[in-house]
Amino acid sequence: MNQHRFIRLAGLLLIVSVLTLPFYWMVVTALQPPGALVTGAHAWWPSEMHWANFSDAWNAAPFGQFFVNSAATGVAATTIQVLGAILMAYAFAVIQFPAKSVIVIAVIATMAVPEEAKLVPNFLLMRDFEWIDSYWALIVPPAAHAFPVFVLYQWFRTIPTSMRDAARADGAGHWRTLWLIYVPMSRPAIAAVVVIAFLGRWNDFLWPLIVTNTAEMRTLPIGLAYLRGLEETGNQWPVLMAGSLLVILPVLLLYAVAQRQFVEGITRGAIKG
Amino acid sequence: MSAKSQRREWLTFLLFAGPNLIMFGLFTYWPILYSAYLSLTDWNLIAATPVFVGIKNYADLATDPETWRVTGNTIIYAVCVVVSAQIIAFALALLLHRPIPGRTLFRTLAFTPYVTTTAAAALAWVLLLDPRLGPLSTIYGLLGVEGPDLLRSGTGSLVAIIVVGSWKEIGIATIFFLAGLQTIDRSLHESASLEGAGSWAQTRFITIPLMTPVIFFLALSGFIAALKTFESVYMMTEGGPVYPDSSTYVFHLYKTGFRDFRAGLASALAVLFFALTVLMTAAQFRFARLWVHYE
Amino acid sequence: MNKNRRLHRSIRTFALSLCFVLFGCSSPQQDTADGRTEITYWRTLTGGAGDAQDELAEQFNDTQDVATVSVEFQGGYGDLAAKLMTAAAGGTGPDVTQLGTFEIREFARAGLLVDLTDYINGVSGIDTSDWPGTMLDAGRVEGGLYWLPFNVTVPVLYFNADAFAEAQIEDPPETWDTLFDLAESLTTRDSNGNVIRHGLALWESTWPLLSAIWSEGGEITSPDYANITLDHPVTVALYSRLQELVNSGAAIVPAKASGGHRAAFTSGRAAMILDSPAPYAEILRQSSSFKPKVANYPAGSQGKIYAPGGGGIAMLARTPTDQRETAWSFIRYLLQPEQIAYYAKRSGYCAFTTSAQVVGEAWLAEPNRKVIHDALPHLRGDFSVNMSPAIRNAFDDAFRRILIRGEDVVTVLREADEIAERYIQRELAPR
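Thresholds, definitions, all that
- Residues numbered from 1 in each chain as written.
- Chains lettered and ligands numbered in written order.
- Predicted model: local features only at pLDDT ≥ 70, side-chain atom pairs only at ≥ 80, totals over all residues.
- Heavy atoms only, no water.
- Helix = DSSP H or I, 4+ residues; strand = E, 2+ residues; numbered from the N terminus.
- Buried < 20%, exposed > 50% of the residue type's maximum accessible area, 1.4 Å probe, protein only.
- Contact = heavy atoms within 4.5 Å.
- Areas by Shrake-Rupley, 256 points an atom, 1.4 Å probe, with all protein chains shown as cover.
- Pairing = 2+ DSSP bridges.
- Right-handed = clockwise from strand over helix to strand, strands pointing away.
- Axes fitted to C-alpha atoms, helices over the stretch in contact; angles between N-to-C directions.
- Domains from an automatic or database assignment.
- Buried area = accessible area lost by both parts, 1.4 Å probe.
- Salt bridge = Lys/Arg side-chain N within 4 Å of Asp/Glu carboxyl O.
- Polar contact = N/O pair within 3.5 Å; in protein donor to acceptor, adjacent residues only side chain to side chain.
- Nonpolar A, V, L, I, M, F, W, Y, C, P; charged D, E, K, R; others polar.
- Phe/Tyr/Trp six-rings, centres within 6.5 Å; stacked < 30°, edge-to-face > 60°.
- Lys NZ or Arg CZ within 6 Å of the ring centre and 35° of its normal.
- Left-handed = near helix turned anticlockwise from the far one by under 90°.
- pLDDT = per-residue confidence, 0-100.
- Parallel < 35°, antiparallel > 145°, perpendicular 65-115°, else oblique.
- Expected span 1.5 Å × (residues − 1).
- Patch = residues over 30% accessible without salt bridge, like charges linked within 9 Å, V, L, I, M, F, W, Y side chains within 5 Å.

Trainee: Would you take a moment to explain the overall build of chain A for this structure?
Mentor: Helix and strand content of chain A: 14 helices and zero strands. Moving toward the C terminus, one meets the helices and strands of chain A in the order α-α-α-α-α-α-α-α-α-α-α-α-α-α. Residue burial in chain A is summarised as follows: out of 273 residues, 64% are buried. Across chain A, the fraction of contacts at a sequence separation of at least 24, relative to all contacts at a separation of at least 6, is 70%. Summed over its atoms, the accessible surface of chain A is roughly 10100 Å², and 64% of this surface lies on carbon and sulfur atoms.

Trainee: What is the right way to read the pairing of strand S2 (residues 67-73) of chain C from this model?
Mentor: Within a regular strand, side chains alternate between the sheet's two faces. All names here are of chain C. Of all seven residues that make up S2, five are buried, and the element is covered over most of its length. Pairing geometry for strand S1 (residues 37-43) and S2, over seven bridges, is parallel. Paired with Ile39 across the two strands is Val69, which belongs to S2. Assessed by its sense of winding, the connection that carries the chain from S1 through helix H2 (residues 48-63) to S2 is right-handed.

Trainee: Just checking my understanding: could you explain the sheet that holds strand S3 (residues 96-99) of chain C for this structure?
Mentor: Sheet strands pair via backbone hydrogen bonds, and the direction of the pair is either parallel or antiparallel. Residues and elements named next belong to chain C. Pairing is mixed across the open sheet formed by five strands, whose spatial order is S2-S1-S3-S13-S6. In this open sheet, the two strands that pair with only one neighbour each are S2 and strand S6 (148-153). Strand-to-strand, the axes of this sheet are offset by a mean angle of 20°, without reference to chain direction. Pairing of S3 with strand S13 (residues 309-315) involves four bridges; the strand directions are antiparallel. Each residue of the ladder has a partner; that of Thr97, found in S13, is Ala314.

Trainee: Hey, could you run me through the domain arrangement of chain C in this one?
Mentor: All names here are of chain C. According to the domain assignment, chain C consists of domain 1 (37-153 + 308-378) and domain 2 (156-307 + 388-428). Taken over C-alpha atoms, the centre of domain 1 sits 29 Å from the centre of domain 2. Listed as interface residues are 17 residues of domain 1 and, on the opposing side, 23 residues of domain 2. A buried area of about 1700 Å², summed over both sides, lies between domain 1 and domain 2, and 56% of it is on carbon and sulfur atoms. Summed over the three residues of domain 1 that lose the most area to domain 2, namely Phe102, Arg105 and His378, the buried surface amounts to 36% of that side. Run the count over domain 1 and domain 2 and you get zero salt bridges. When contributions to the side of domain 1 that touches domain 2 are tallied by element, the ones reaching two or more residues are helix H4 (104-109) and helix H16 (367-374). Per element, the largest residue contribution to the side of domain 1 that touches domain 2 is five residues, and it comes from H16.

Trainee: For this particular structure, what's the right way to read the interface of chain B and chain A?
Mentor: When the parts come together, some accessible area is lost, and that loss is often what is quoted as the size of the interface. Facing 84 residues of chain B, the contacting portion of chain A comprises 95 residues. Across the chain B to chain A interface the summed buried area is about 8300 Å²; carbon plus sulfur atoms make up 79%. Broken down residue by residue, the surface that chain B buries against chain A is led by Phe13, Phe16 and Phe27 of chain B, which jointly contribute 10%. Scanning the region where chain B abuts chain A turns up zero salt bridges. Where chain B packs against chain A, one counts eleven residue pairs in polar contact (both at pLDDT 80 or more). A per-element tally of the side of chain B that touches chain A places helix H1 (residues 3-38) of chain B first, with 20 residues. Of the residues belonging to the side of chain B that touches chain A, the class tally is 62 nonpolar, 15 polar and seven charged.

Trainee: Would you explain the packing of aromatic side chains in this entry?
Mentor: A ring pair, where both rings are aromatic, is described by two values, the distance of the centres and the angle of the planes. For the structure shown, the criterion picks out 50 aromatic pairs over all chains. Here the aromatic rings of Trp131 of chain C and Phe352 of chain C are separated by 5.4 Å at their centres, their planes lie at 75°, and the arrangement is edge-to-face. On the criterion of sequence distance, the pair formed by Trp131 of chain C in the loop between helix H5 (117-121) and strand S4 (140-141) and Phe352 of chain C in the loop between helix H13 (337-347) and helix H14 (354-359) is long-range, its members being 221 residues apart. Looking at Trp131 of chain C, the relative accessible area reads 8%, which means it is buried. Geometrically, the ring pair formed by Tyr297 of chain C and Tyr306 of chain C is edge-to-face, given 6.0 Å between the ring centres and 75° between the ring planes. An identical accessibility class is assigned to Tyr297 of chain C and Tyr306 of chain C; each is buried. Ring pairing ties together the aromatic residues Trp58, Phe63, Phe66, Phe67, Phe198, Trp202 and Tyr226 of chain A together with Phe73 of chain C, which thus form one cluster. Here the basic side chain of Lys168 of chain B rests over the ring of Tyr114 of chain B, its NZ or CZ set 5.9 Å away from the ring centre. The ring of Tyr243 of chain B carries Lys255 of chain B above its face, with NZ or CZ at 4.4 Å from the centroid.

Trainee: Can you walk me through unusual backbone geometry in this structure?
Mentor: Most peptide bonds take the trans form, and the phi angle of most residues other than glycine is negative. The omega angle of the peptide bond from Gly240 of chain B to Pro241 of chain B is 10°, so this bond is cis rather than trans. Counting through the fold element by element, Pro241 of chain B comes out in the loop between helix H10 (231-236) and helix H11 (249-259). In this chain, Tyr243 of chain B is followed by Pro244 of chain B through a cis amide linkage whose omega measures 0°. With respect to the secondary-structure elements, Pro244 of chain B resides in the loop between H10 and H11. Even without being glycine, Phe261 of chain B reaches a positive phi, approximately 60°. Inspection of the secondary structure assignment puts Phe261 of chain B in the loop between H11 and helix H12 (263-291). A positive phi angle, near 65°, is found at Tyr225 of chain C, a position not held by glycine. With respect to the element layout, Tyr225 of chain C can be found in the loop between helix H8 (207-215) and helix H9 (233-248).

Trainee: Help me understand the domain arrangement of chain A in this model?
Mentor: Residues and elements named next belong to chain A. Each assigned domain of chain A is listed here: domain 1 (1-50) and domain 2 (60-272). Contacts between the two partners involve nine residues from domain 1 and, on the opposite side, eight residues from domain 2. On the surface where domain 1 and domain 2 come into contact, there are zero salt bridges. Inspection of the domain 1/domain 2 interface yields zero residue pairs in polar contact (both at pLDDT 80 or more). Of the residues in the side of domain 1 that touches domain 2, the class split is seven nonpolar, two polar and no charged.

Trainee: Whenever I open this one, the pairing of strand S9 (residues 195-201) of chain C confuses me. Can you help?
Mentor: All names here are of chain C. Of all seven residues making up S9, five are buried, and the element is well covered by its neighbours. Hairpin connection between strand S8 (residues 188-189) and S9: a loop of five residues separates the two successive antiparallel strands, and Gly193 in this loop has a positive phi of roughly 90°. With two bridges joining them, S9 and strand S10 (residues 251-252) adopt parallel strand pairing. Note on S10: the bridge partner recorded for Leu200 is Ala251.

Trainee: What exactly am I supposed to notice about the packing of helix H3 (residues 63-94) of chain A against helix H4 (residues 100-109) of chain A here?
Mentor: Packed helix pairs are specified by the crossing angle of their axes together with the interaxial distance, meaning the distance between the axes. Residue and element names in this part refer to chain A. At their nearest, the axes of H3 and H4 sit 10 Å apart, and the two run at 145° to each other. The element H3 and its partner H4 pack so that their crossing is left-handed. Residues Met88, Ala91, Phe92, Ala93 and Val94 of H3 pack against Lys100, Ile103, Val104 and Val107 of H4. Here the residues of the contact of H3 with H4 are counted per class, giving eight nonpolar, no polar and one charged.

Trainee: Explain the confidence of the model for chain C to me, please; I cannot follow it from the model alone.
Mentor: Any residue range with low pLDDT should be treated as having predicted coordinates unsuitable for detailed reading. For chain C, per-residue confidence averages 88 on the pLDDT scale, and 91% of positions sit at 70 or higher. Every residue in residues 10-31 of chain C scores below 50 in pLDDT, and together they form 24 contacts with partners more than four places removed in sequence or on other chains.

Trainee: Can you walk me through the packing of H4 of chain A against helix H7 (residues 146-156) of chain A in this structure?
Mentor: All names here are of chain A. For the pair H4 and H7, interaxial distance at closest approach is 8 Å and the crossing angle is 130°. Between H4 and H7, the angle is such that the two are oblique. Between H4 and H7, the contacting residues are Val104, Val107 and Ile108 on the first element and Ala146, Val149, Phe150 and Tyr153 on the second.

Trainee: What's the story with H2 of chain C in this structure? I'm lost.
Mentor: Count 3.6 residues to each turn of an α-helix, and residues three or four apart come out pointing the same way. For H2 of chain C, built from 16 residues, the straight-helix expectation of 22 Å at 1.5 Å per residue is met to within 8% by its first-to-last C-alpha distance of 22 Å. Residues of H2 of chain C that are buried: Ala49, Gly50, Ala52, Gln53, Leu56, Ala57, Phe60 and Asn61 of chain C.

Trainee: So what exactly am I meant to see when it comes to a nonpolar patch on the surface here?
Mentor: Together, Tyr24, Trp44, Trp45, Met49 and Trp51 of chain A make up an exposed nonpolar region whose accessible area comes to about 600 Å². With respect to the helices and strands, the residue Trp45 of chain A is situated in the loop between helix H1 (2-31) and helix H2 (52-59).

Trainee: Help me understand the interface of chain B and chain C in this model?
Mentor: If you look at the interface, chain B gives 31 residues, while chain C gives 30 residues. Of the roughly 2600 Å² buried between chain B and chain C, counting both surfaces, carbon and sulfur atoms make up 54%. Of the charged contacts, one joins Arg152 of chain B and Glu204 of chain C as a salt bridge, the two residues approaching to 3.1 Å between their closest N and O atoms. The tally of links from chain B across to chain C stands at ten residue pairs in polar contact (both at pLDDT 80 or more). Mapped onto the side of chain B that touches chain C, the elements with two or more residues apiece are helix H3 (65-97), helix H5 (118-128) and H11 of chain B. Of all the elements, H11 of chain B adds the most residues to the side of chain B that touches chain C, at five residues. Residues that form the side of chain B that touches chain C fall into these classes: 16 nonpolar, four polar and eleven charged.

See the structure below:
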């Protein structure tokens, strides 16, 4: 039995170290002194701890402003996305409506629309709404997303109808049934959807670049573009990786906090089909 | 149900789903319709008006070898990513399922790929895959061979994109499998043990069949997401080294619209993509009846 | 029920804070209360080459009280182009923009850019008599002038002076043939025949090769693109020679991630590289184990004919007519000798006019800087190759097929020529 356990631990170590290798490599590179890569001195451990890369990265662009923008629009877009998904998933799972299955399929199918194909038409809408270079453009259009609807719809379908019937017998309508029964019973799924939605916003590059113009309105991934080198000079890898870590760390922390809920959350709906 | 309460029910449905339906209509269906219109025109986004050309763009796409090449690349990519990520994630979940020292830490670490900004991760992978500087150089050095430069070879660059895609997918798939495993009734395994079934047989005949719904869910959502891959190509290879070696469908769409100034053609690509993906998804649903076991 | 009430309250708080976030953030309106015209300038480039543009705009704003220029960074050249196109589709965008060479023709033909002919020749025009070569040709499309060079670079040969001394070679190569022969004699091997130092590290870019092709009398395309000759005999000969050097180990095309040809040079693994002045300071700093020197590219049978690199500036047609004079005054400001010199010093690009070199005299006194600027008179200001994505992409792919994958030169170039001809039809189709 002990031998078994050893093999399992070894297998785990192997897979997990391969999975974390890119992250480790980012950290090592971010600590290298400038030019370490170019001279070929790059190794498994930084030749010297060059913490200045982080301040250099931070100062290369208005990262403070970008953090505020990313956080504010990320929270707002996530909120709208998840609230909308909760309401819609409940309607899909519970409420009667003619030709409901067609509507459900039509919404789920939008997962197959690539963001890049929506850039221009949605930009035209933003112009008509006069939302260019404002938080509105960063918050509202990305909020229409089918994946959270799909996950919550699957989840809500696993909640026994007896719960709903009991609530109804107590005189609760759909609104109260949703908030008093479905939502409390779905905290894990909601936590999962929140994290996934927030990550999607936090990491998005193309849409924010297209709809914002000024540094006042821009988000972190655009900040990383300031760190990429010129075509003529190539990348300054240590500073670029330091900047990347600055962008990643807040979400890693968020995940560490949300982890427990999250792990339980996404799957139950999937399991019961 | 009386007519009155039925009307109330319908109204409630509209109140609940309505706000989101409006959003989907505006920000997803309107772009599809707009693309459908543009796909019948010749336009570069900047000329005053699009010129109507009928189905010419679709005919052009059908005869352009690049279309077929990127479609093939994308399907290869999606299948490889979904299959490899699920196998590794399933193995990882089996290992993590039973108590083992450092389980929480391993679980957190396994999820870091999904959290990492794709743009940043792609750049880190460029460094990792370098045969002279990265960890690969250490391995090659130990083996005493001159390692290949993946990003420089035709198939290698596609493999590199697949590795990155799979790496990102493993984290989230593991979490799904883990939770799935926790719902399996322990007594099933216990009685199988009593009957003398080994751990492989138990995995094969109890665990895997019970996990088919999870596998299906992951295959479906992972497949759609994989078909839409753009960022890693944009950051790592730009479809090269010799276009379209490692180009995916959506990168090709972007390049056609913004680098080759052919928005009409790019819109035709978008419309076809939507149609094909929905068809493939429907096919997966149909095929699923043969192998997915719901309780 | 206490729990439910708490839930309700948290939902309400959530909704309220959401409203706060949404309504607290309308877009900032440009303040024009001081009566100055607002000019928006979009730029690319990072580091000093980016910052210097912000600084020049600030200096411009301080020198006059008619206009305020606000500079907005839009990512790399490709990102900037995508933004300009999307903005154009929506009838918005900046007044003045930095622009790479790929988009000039397409944008000009679509009516996106303003013809600058009358401005440059007008009362407050720009004296271009001291501009090198035919630098204005790049911006000429169908009789109009739509683009002016701004961040200009020239070809530079960097060589390892110690390696040259060791091989008893005194001067940098004067002809392309000598350069390739030198690559062979500068290559050193250990006792097993493994290469220790390559004679030449090639940039994974076709830009340096253009100068070699033109200098030897070759052409990539006729100016009107009617005759594309990617398989020109000169090009075939050049690639054959380079392939030979790569096969023997005398030349190498290092991967970009490892720092490419520059890292190969600064680490002493290659004796020569064909590059631009942009990385000059970095290369000098990092080449610690030997003495790096710079020279101009060699001459060919036609003498020295160099390809310029870099980007330029354009004005957008959406700029209201009454603001165009003001927008022009900013473009004009950027292209004055003082500003060109300032930008060159901050960015590593060239002080490309003679008058700018006079202003930057102190800075240019450094011998290597002087050599770099000696290349300017030999520029052929013809970006034609870089003005066509179809041709450039086909040519770049051929480079990789021949020099990285070792495919047959004639076959690859002929195929590249066919591909370029197929896609140029699409590019040139009347819109």
